[in-house]
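What the coordinates show
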Amino acid sequence: MGLSKKILLGILLPFFNPKKKLFNKKHPGKIIKDDEEISINLEFSSGNARNSFFPKKIDRFEDVNDKENNDIENDRKLLLDSIIIRIAKKEKKISVERLVEQILGEIKLFVPKPESIKRHIESLISREFLEISPYEAGVYNYVP
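Bear in mind that the values here come from a model prediction, so they are computed numbers and not experimental data.

1. Section: helix 3 (residues 96–106)
Leu-99, Gln-102 and Ile-103 are the residues of helix 3 that are buried. Relative to the axis of helix 3, the buried residues are bounded by an arc of 105° and lie together on one face. Among the exposed residues of helix 3, those oriented more than 90 degrees off its buried face are Glu-97 and Glu-101.

Written out as structure tokens, the structure reads:
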């Protein structure tokens, strides 16, 4: 099924509940060992027509490793850079407020922080994609 061990254990643990013992295991407790033998409890019975087994709540971010987080951040950086360049190229000359407004209007996948937008603009200035207008305050020019 492609589930991690942590998620699978979170799903299976309610089935070992002493009150609703649907499965049997050799060792008591909340820990399921890798080599532990699990069997169906043939003596299980219930007066209810339905039994609900709620899986243990697992934080969805616990299982995401650092590499995936770094990949997501890198993708966001590239997306933000490309949007800034596209807007600047289209406008040729644009004020800071209008640039930020258009950036926020175009990004649908996430909401970038203003500090992040500022860092990306400064990065694009240092890489010579944008320049600060020498004649107007608060205006950037696209550098072709």
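Further notes follow.
2. Some details on the sheet that holds strand 4 (residues 130–132)
Strand-to-strand pairing in sheets goes through backbone hydrogen bonds, with the strands running parallel or antiparallel. Taken in spatial order, the three strands of this open sheet run 3-5-4, and their pairing is antiparallel. The strands lining the two open edges of the sheet, one partner per strand, are strand 3 (93–95) and strand 4. Neighbouring strand axes in the sheet, compared pairwise and without regard to direction, differ in orientation by 30° on average. With three bridges joining them, strand 4 and strand 5 (residues 139–142) adopt antiparallel strand pairing.

3. Side note on the nonpolar core
It is characteristic of soluble globular proteins that their nonpolar side chains tend to be buried jointly. Counting 16 residues, the largest nonpolar core has Ile-84, Leu-99, Ile-103 and Ile-121 as its most contacted members. Taken together, the elements giving at least two residues each to this core come down to helix 2 (66–91), helix 3, helix 4 (114–126) and strand 5. Each residue touching Ile-103, except ones within four places of it in the same chain, is listed here: Leu-80, Ile-83, Ile-84, Ile-87 and Ile-117.

4. Structural notes on unusual backbone geometry
The residue Lys-92 is not glycine, and still its phi comes out positive at about 70°. Take Lys-92: it is sitting in the loop between helix 2 and strand 3. Positive phi is not limited to glycine here, since Glu-128 has a value of about 65°. Inspection of the secondary structure puts Glu-128 in the loop between helix 4 and strand 4. Owing to a relative accessible area of 61%, Glu-128 belongs among the exposed residues under this scheme.

Rules used in this analysis
- Residues numbered from 1 in each chain as written.
- Predicted model: local features only at pLDDT ≥ 70, side-chain atom pairs only at ≥ 80, totals over all residues.
- Heavy atoms only, no water.
- Buried < 20%, exposed > 50% of the residue type's maximum accessible area, 1.4 Å probe, protein only.
- Helix = DSSP H or I, 4+ residues; strand = E, 2+ residues; numbered from the N terminus.
- Arc of directions from axis to C-beta.
- Pairing = 2+ DSSP bridges.
- Axes fitted to C-alpha atoms, helices over the stretch in contact; angles between N-to-C directions.
- Core = buried A, V, L, I, M, F, W, Y, C linked by side-chain atoms within 4.5 Å.
- Contact = heavy atoms within 4.5 Å.

Everything listed is a geometric property; what it means functionally is a separate question.
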